[in-house]
Number of protein chains: 2
Amino acid sequence: MTTGPHAAGPARRTVLAAGGGLALGAAVTGGAVALTRDGDTAAPVADSGAAVPFHGAHQAGIATAVQDRLHFAAFDVTTDDREKLVRLLKEWTRAAERMAAGREVGDGAHGGLPEAPPDDTGEALGLKPSRLTLTLGFGPSLFDGRFGLKDRRPGALVDLPRFPGDNLDPARSGGDLCVQACADDPQVAVHAIRSLARIGFGTVSVRWSQLGFGKTSSTTPDAQTPRNLFGFKDGTRNVSGDDSAGLDKHVWVGAKDATGGGAWMAGGSYLVARRIRMNVETWDRTSLAEQEDVFGRDKKEGAAVGKAKEHDEPFLKALKPDSHVRLAHPDSNGGATLLRRGYSFTDGTDGLGRLDAGLFFLAYQRDVRSGFVPVQTALARSDALNEYIQHVGSAVFAVPPGVRDADDWWGRGLFS
Amino acid sequence: MTTGPHAAGPARRTVLAAGGGLALGAAVTGGAVALTRDGDTAAPVADSGAAVPFHGAHQAGIATAVQDRLHFAAFDVTTDDREKLVRLLKEWTRAAERMAAGREVGDGAHGGLPEAPPDDTGEALGLKPSRLTLTLGFGPSLFDGRFGLKDRRPGALVDLPRFPGDNLDPARSGGDLCVQACADDPQVAVHAIRSLARIGFGTVSVRWSQLGFGKTSSTTPDAQTPRNLFGFKDGTRNVSGDDSAGLDKHVWVGAKDATGGGAWMAGGSYLVARRIRMNVETWDRTSLAEQEDVFGRDKKEGAAVGKAKEHDEPFLKALKPDSHVRLAHPDSNGGATLLRRGYSFTDGTDGLGRLDAGLFFLAYQRDVRSGFVPVQTALARSDALNEYIQHVGSAVFAVPPGVRDADDWWGRGLFS
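If you're wondering where the values come from, they're calculated on a predicted model, not measured in any experiment. (Residues numbered from 1 in each chain as written. Chains lettered and ligands numbered in written order. Predicted model: local features only at pLDDT ≥ 70, side-chain atom pairs only at ≥ 80, totals over all residues. Heavy atoms only, no water.)

## Some points on the overall build of chain A
Move 1: Within chain A one finds nine helices and twelve strands.
Move 2: Expressed as a percentage of its 416 residues, the buried residues of chain A come to 61%.
Move 3: Put simply, of all contacts in chain A between residues at least 6 apart along the chain, 77% involve residues at least 24 apart.
Move 4: If you sum the accessible surface of chain A, you get close to 14,700 Å²; carbon and sulfur atoms cover 51% of it. (Helix = DSSP H or I, 4+ residues; strand = E, 2+ residues; numbered from the N terminus. Buried < 20%, exposed > 50% of the residue type's maximum accessible area, 1.4 Å probe, protein only. Contact = heavy atoms within 4.5 Å. Areas by Shrake-Rupley, 256 points an atom, 1.4 Å probe, with all protein chains shown as cover.)

Laid out in C-alpha cells, this is it:
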C-alpha cells in the first residue's frame, strides 16, 4: 500500500460559470489519497480536506476510513421507463465523480442557456473535498418487474425478516435506491445528496433521508472506537479498511458468490441500514454497573469484562449471556462479521420532551443471510440492550462494484 | 486585547469515578483562549479544540467567534415551585462551567451511591472542549406569574408580532427557557444539551430542539461569510465580536436601558430564534440572474450589485427595492443592526420528497423593538426571498448577563 502526502486537498472551485477545463485526474492527485495496489481506496488517511478517489474496483465509502459526518438518502424511482433510469445513473455517476474531487456539479456552462439555473447549487463553493464519498445501492423493490430486472436480483439481497421488537416506520424504511454521502464537512455531504436529488427530479424522489452528526465506528485498526450516545465504545471488533483478506472474506462479494442473474454484484457488497432510536433518558437513570453489564464492557476504556484494553479479545464465557458484546460476537453467530459504519443522530424532540436521538446503523457484508440476519436474530431475541433501544427504520441494498473509470457508470453491470 | 497561545485544549477527562480534584481555573488556562481587558470573551480564536471561558461580564456564545455546530433547546418549566427552579439554575450553571472547560458533569462521586447512575452520560469522554459555549435565555412565558416574576419582565422582551407569511408551528416555537450550545464538535454540543435536560428532569422538559450542522455567519471581521443553503453569503455586514463599540451599541443591554423591574438585564442581550424553511428545490430551478437579483449580491464572491468584494459597502439605490440586502440593511431600517449567529439545518424529508432544510436564524440585539421587529417587518412585507422561504418556528428570549465567578449563577439578578 502506498500513501500519498498528507497535503491539504484542493479547494472546491469558486468559479461558477467557467468551462470544465480542470482535468479530473489533476484534481484527484492534488489531494492526499491512499491507494492499494489494485486501486482500491484504503483506510488510514485522515487528512480531512483531501479527496478520496471515486474510481476503483469497489465503491468508496465502505473500506474508506470513516468520515466525521453522514447524509444518507433513500430514493423511490417515480418512472417505469428503464432508459430514463439508466440515463439518471449515468448522470449521477458523472456528478459524483466531480463532487468527490471537490469540483462543482456540471461544467458551469449550464447547457449554454443564460436563463437556465446554475449547474451547481453553490453552498459547497470554496469548501475542500472533505474526503467526500458517494456510495450507491439498489433496494429489493427495484427488482419488482418495472425495469425488467426480476431475474437479476441476487439471492443475497433478501427482504429482512421481521425481528422481535421491530417498530418500523414505513416512511423511514425501504427505497429503490440509496446514496450514502460521507464527508468530514457536513455541508459537503448535504450538498452532494441535494445535488443528486436535484439531478433526479422527475425520475426519482427522496423517500427518506438521515443526517448523522458523529461517527460511531472506526475502520482503521489502531484508532479508538468513537463513543455512541450511551457513552460506550461499541463495534470495537470491526473489519479494518486495510485488511484485504478480511474485506474479501466478510465484505466484498466474490466472483464465486455472484452467479447467474446476480453476477453483476462481483466486487460489490450488501448494506443494511437501521434507524435505532436510543432511549437516552431511561439509560441515563441506570447505574454504571448495570450499563457495563448490558454492554459487557467497562465504560471508561471500553475493554470487555475482565480485560484491560478496548481491543483485547473478550473471553466470552466471562460475559453475561445477554450482554451485547457476547451476543454480537462472531463466535456466537457462526463467524458472522459485519463492517460497521454507523453514525449518531439527533433529530429534535419527540413531542414527549425526549430527544429523538440514536444510532443510524450502517453495516456492509458479503451476504445479508450470513451477516446481519443471524446477528440481529440473536440480538433481537436476547440482547440486554433491547430495554433501551428500538429499531424504527430499516432498509437493505445491493451495493454494486466500483465505477472503474470515466466511461463506466453506477450499475452498468446490472443494466447491461 | 491579549490573545493566548493557540495550543490544543485539554482533553476531556477520561476518568469516570475520580473525585473533583482538578481545579476549574487550571482547566481553563490550559486551553487557548482570548480575553479582553475586562474579561469578556473575545472573538478571533479559532483553535477548534480550545476552551472558551465561561465566566465574564457577558455570556459566552454571543460575541464568541461562531463555532461550527449548534444544538439549541427550548425548555418548559414543569413546576411552579420557584425555589426548585432556582436550584436548577444553580445546578445548570455549575454543570455548564465544567462542560465548557472540557470536564465531565458532576464530580464523579455520583452522590456517594454506588448504585446511582454515572454523573456524566459519557459520550463526550476523551473529546476536547471544542470551544463549547452554553448561553441561557428566559422566554416571555416565564414571566406569566407562576414564579412571581411579572414585574421583572423587561420592556424590550416583547412578544413578537405576527408577520405576514408566518406559518409558525407551536411545537417549534416559544419556551420558558432556552440554551444555545455551540461547539466545533457536534457530539460536544449534543452532550451538553442532553446533560442539562437530564439534570432538569422533574423541573423542566425539552419543548423543542434544533441541531444546526453548519454556521451561516461570521463574527470575525476578516472572515468570509459561510454560504447558506441557497449557495449565497448572507449576513455579511455582521457585528464583529471584537468591536466593543459596536457590541455596546447594538448587542449588549446598557445600564441605562435596564431600568425598573428589568435592571437585571444590564450586560445581557435579547435573542430571536426563527426556524426558516428554505424551499431549496424551487430555488434550484431559478436562474442565476434571478437568484442574484433576489439577494442583491453576486453568488460567487458575495459582493453587492456593482461592487467587487463581499465586504464592500453596498450602494443601496443600485439594488432592486425588494432585494434582500437592501431591505435588511440598517440604512433601510433606522439603523437596526443584529448580531447574527445562524446555522443551516437538514432534518430529513417532508413527506413530499423534499428536504426539510433551511436556516435556523439566531440574532442577538440590545432591544427587540428596535432590532428584529423593524427588520423583519420590512422583510416580511417586501423581500423577494419570501417566494422561496417560510418562517415555521419562532421564539424570543432575554439573555441575562454573564456569570461572574464560581459563586454566581445564571439568572441570579432576576431571582434576587
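Now that the structure has been shown, the text picks up again.
## Quick word on the UniProt feature "domain: Dyp-type peroxidase C-terminal" (unreviewed entry) in chain A
Move 1: Under the present numbering, the feature "domain: Dyp-type peroxidase C-terminal" (unreviewed entry) in UniProt falls on residues 225–403 of chain A.
Move 2: When the span residues 225–403 of chain A is considered, its composition is 20% helix and 23% strand, and the gap between its end C-alpha atoms is 30 Å. (UniProt positions renumbered as here; feature names shortened; annotations may be inferred.)

## Points about the pattern of salt bridges
Residues and elements named next belong to chain A.
Move 1: Applying the stated criterion across every chain yields a total of 42 salt bridges over all chains.
Move 2: Notably, a salt bridge pairs Asp184 with Arg131, separated by 2.8 Å at the nearest N-O pair. Separated by 53 residues along the polypeptide, Asp184 in the loop between strand E5 (177–183) and helix H3 (186–199) and Arg131 in the loop between helix H2 (82–100) and strand E4 (133–138) bring together distant segments of the chain.
Move 3: Ionic pairing is found between Asp144 and Arg146, a salt bridge with its closest N-O pair at 3.1 Å.
Move 4: By relative accessible area, Asp144 is classed as partly exposed at 40%.
Move 5: A relative accessible area of 28% places Arg146 in the partly exposed class. (Salt bridge = Lys/Arg side-chain N within 4 Å of Asp/Glu carboxyl O.)

## Let's talk about the pairing of strand E4 (residues 133–138) of chain B
Residue and element names in this part refer to chain B.
Move 1: Most of E4 is tucked away: six of the six residues are buried.
Move 2: Across the two faces of E4 the burial is the same, with Thr133, Thr135 and Gly137 and Leu134, Leu136 and Phe138 all buried.
Move 3: Here E4 pairs with strand E5 (residues 177–183) via six bridges, running antiparallel. The residue bridging Leu134 from the neighbouring strand is Ala181, located in E5. (Pairing = 2+ DSSP bridges.)

## Points about the packing of H2(A) against H3(A)
Residues and elements named next belong to chain A.
Move 1: Axis separation between H2 and H3 bottoms out at 10 Å; the angle between their running directions is 155°. Taken together, the axis directions place H2 and H3 in an arrangement best described as roughly antiparallel. Crossing geometry of H2 relative to H3 is assigned as right-handed. Residues Leu88, Glu91, Trp92, Ala95 and Met99 of H2 form the contact with H3, whose own contacting residues are His191, Ala192, Ser195, Leu196 and Ile199.
Move 2: Of the residues contributing to the contact of H2 with H3, the split by class is seven nonpolar, two polar and one charged. (Axes fitted to C-alpha atoms, helices over the stretch in contact; angles between N-to-C directions. Parallel < 35°, antiparallel > 145°, perpendicular 65-115°, else oblique. Left-handed = near helix turned anticlockwise from the far one by under 90°. Nonpolar A, V, L, I, M, F, W, Y, C, P; charged D, E, K, R; others polar.)

## Quick notes on the relation of the copies chain B and chain A
Move 1: Each copy of the sequence occupies a distinct position, and chain B is placed on chain A by a rotation of 180° and an axial shift of 0.0 Å, giving an RMSD of 0.0 Å. Taken together, the rotation and translation relating the two chain copies correspond to the operation of a two-fold axis. Distance from the rotation axis, computed per C-alpha, reaches its smallest value in chain B at Asp347(B): 3.3 Å.
Move 2: When you check the interface residues of chain B against chain A, 100% turn up at the interface there too, and the contact is symmetric in its surfaces. (Least-squares fit on C-alpha atoms with pLDDT ≥ 70 in both.)

## Topic: the interface of chain B and chain A
Move 1: On the chain A side, the residues contacting the 47 residues of chain B number 47 residues.
Move 2: When the two sides are added together, the surface that chain B and chain A hide from each other amounts to roughly 4,200 Å², 60% of it contributed by carbon and sulfur.
Move 3: If you look at where chain B meets chain A, you find two salt bridges.
Move 4: Between Asp284(A) and Arg194(B) there is a salt bridge, with the nearest N and O atoms lying 2.9 Å from each other.
Move 5: Mapped by element, the contributors of at least two residues to the side of chain B that touches chain A are strand E3 (69–77), helix H3 (186–199), strand E6 (204–212), helix H5 (280–283), helix H6 (288–295) and strand E10 (343–349) of chain B.
Move 6: Among the residues making up the side of chain B that touches chain A, the classes are represented as 19 nonpolar, 16 polar and twelve charged. (Buried area = accessible area lost by both parts, 1.4 Å probe.)

## Considerations on empty space enclosed by the protein
Move 1: Per the counting criterion, the structure on display carries nine cavities of 30 Å³ or more.
Move 2: Around the largest cavity sit Arg69(A), Leu70(A), Pro186(A), Leu211(A), Gly212(A), Phe213(A), Arg69(B), Pro186(B), Leu211(B), Gly212(B) and Phe213(B), which together line it.
Move 3: Elements that contribute at least two residues to the lining of the largest cavity include exactly strand E3 (69–77) and strand E6 (204–212) of chain A together with E6 of chain B.
Move 4: Across the lining of the largest cavity, the residue classes break down as seven nonpolar, two polar and two charged. (1 Å grid on protein atoms, 1.4 Å probe; cavity = no way out; pocket = protein on both sides within 12 Å on 5 of 7 lines; lining within 4 Å. Points joined across faces, edges and corners; volume = space filled by probe spheres on them.)

## Quick word on the environment of Phe372(A)
Residues and elements named next belong to chain A.
Move 1: Within the secondary structure, Phe372 sits in helix H8 (residues 372–382).
Move 2: The sequence separation of Phe372 and Gly148 amounts to 224 residues, and the corresponding C-alpha distance is 28 Å.
Move 3: Other than its neighbours up to four places away in sequence, Phe372 contacts Leu160, Phe163, Val272, Arg274, Leu338, Phe361, Gln365 and Thr377.

## Some details on helix H2 (residues 82–100) of chain B
All names here are of chain B.
Move 1: Spanning 19 residues, H2 covers 27 Å between terminal C-alpha atoms, matching the ideal 27 Å at 1.5 Å per step.
Move 2: For H2, the side-chain oxygen to backbone nitrogen distance between the N-cap and Glu83 is 2.9 Å, and the N-cap itself is Asp81.
Move 3: Remark: Gly102 follows H2 within two positions and exhibits a positive phi of approximately 85°. (Expected span 1.5 Å × (residues − 1). Polar contact = N/O pair within 3.5 Å; in protein donor to acceptor, adjacent residues only side chain to side chain.)

## Focus on the confidence of the model for chain A
All names here are of chain A.
Move 1: A residue-level look at chain A finds 87% of positions with pLDDT of 70 or above and a mean pLDDT of 88.
Move 2: Counting contacts from residues 1–9, a segment whose pLDDT is below 50, to residues more than four positions away or on other chains yields 25 contacts.
Move 3: Contacts of residues 13–45 to residues separated by more than four positions or lying in other chains number 95 contacts, the stretch itself having pLDDT below 50.
Move 4: This complex was scored by the predictor with a pTM of 0.89 and an ipTM of 0.88. (pLDDT = per-residue confidence, 0-100.)

## Notes on the packing of aromatic side chains
Move 1: Evaluation of the coordinates by the stated rule reveals 32 aromatic pairs over all chains.
Move 2: Taken together, a centroid distance of 5.0 Å and an interplanar angle of 85° make the contact between Trp283(A) and Tyr388(A) edge-to-face. Here Trp283(A), found in helix H5 (residues 280–283), pairs with Tyr388(A), found in the loop between H8 and strand E12 (389–399); they are 105 residues apart in sequence, far enough to count as distant.
Move 3: Here Trp283(A) falls in the buried class, since its relative accessible area comes to 0%.
Move 4: Aromatic rings pair up to connect Phe230(A), Phe232(A), Trp283(A), Phe295(A) and Tyr388(A) into one cluster.
Move 5: The ring centre of Phe201(B) lies 4.3 Å from the NZ or CZ of Arg285(A), which sits over that ring. (Phe/Tyr/Trp six-rings, centres within 6.5 Å; stacked < 30°, edge-to-face > 60°. Lys NZ or Arg CZ within 6 Å of the ring centre and 35° of its normal.)

## Digging into the environment of Ala197(A)
All names here are of chain A.
Move 1: Inspection of the secondary structure assignment puts Ala197 in helix H3.
Move 2: Separated by eleven residues in the primary sequence, Ala197 and Pro186 have C-alpha atoms spaced 17 Å apart.
Move 3: Excluding residues within four positions of it along the chain, Ala197 makes contact with Phe75 and Val206.

## Observations regarding a negative patch on the surface
Move 1: The grouping of Asp222(A), Asp242(A), Asp243(A) and Asp248(A) at the surface amounts to a negative patch.
Move 2: Structurally, Asp248(A) is set in helix H4 (residues 244–250). (Patch = residues over 30% accessible without salt bridge, like charges linked within 9 Å, V, L, I, M, F, W, Y side chains within 5 Å. Lys, Arg positive; Asp, Glu negative; His and termini not counted. Charge placed at Lys NZ, Arg CZ, Asp CG, Glu CD.)

## Structural notes on unusual backbone geometry
Apart from glycine, the bulk of residues carry a negative phi angle, and the bulk of peptide bonds sit in the trans form.
Residues and elements named next belong to chain A.
Move 1: At Ser130, a residue that is not glycine, the phi angle is positive and equals roughly 60°.
Move 2: Looking at the secondary structure, you find Ser130 in the loop between H2 and E4.
Move 3: Notably, Arg131 is not glycine yet its phi reads approximately 55°, a positive angle.

## Focus: the environment of Pro186(B)
Move 1: For Pro186(B), the position within the fold is in helix H3.
Move 2: Expressed as a C-alpha distance, the spacing of Pro186(B) and Gln67(B), which sit 119 residues apart in the sequence, is 9.9 Å.
Move 3: If we skip the residues at most four places from it in the chain, Pro186(B) touches Arg69(A), Phe213(A) and Arg69(B).

## Considering the side chain of Ser209(B)
Move 1: Within the secondary structure layout, Ser209(B) lies in strand E6.
Move 2: Within the structure, Ser209(B) has its side chain in polar contact with the side chain of Thr349(A) (distance 3.2 Å).
Move 3: Not counting chain neighbours up to four residues away, the residues in contact with Ser209(B) comprise Gly348(A), Thr349(A), Leu355(A), His71(B), Phe72(B) and Ala73(B).

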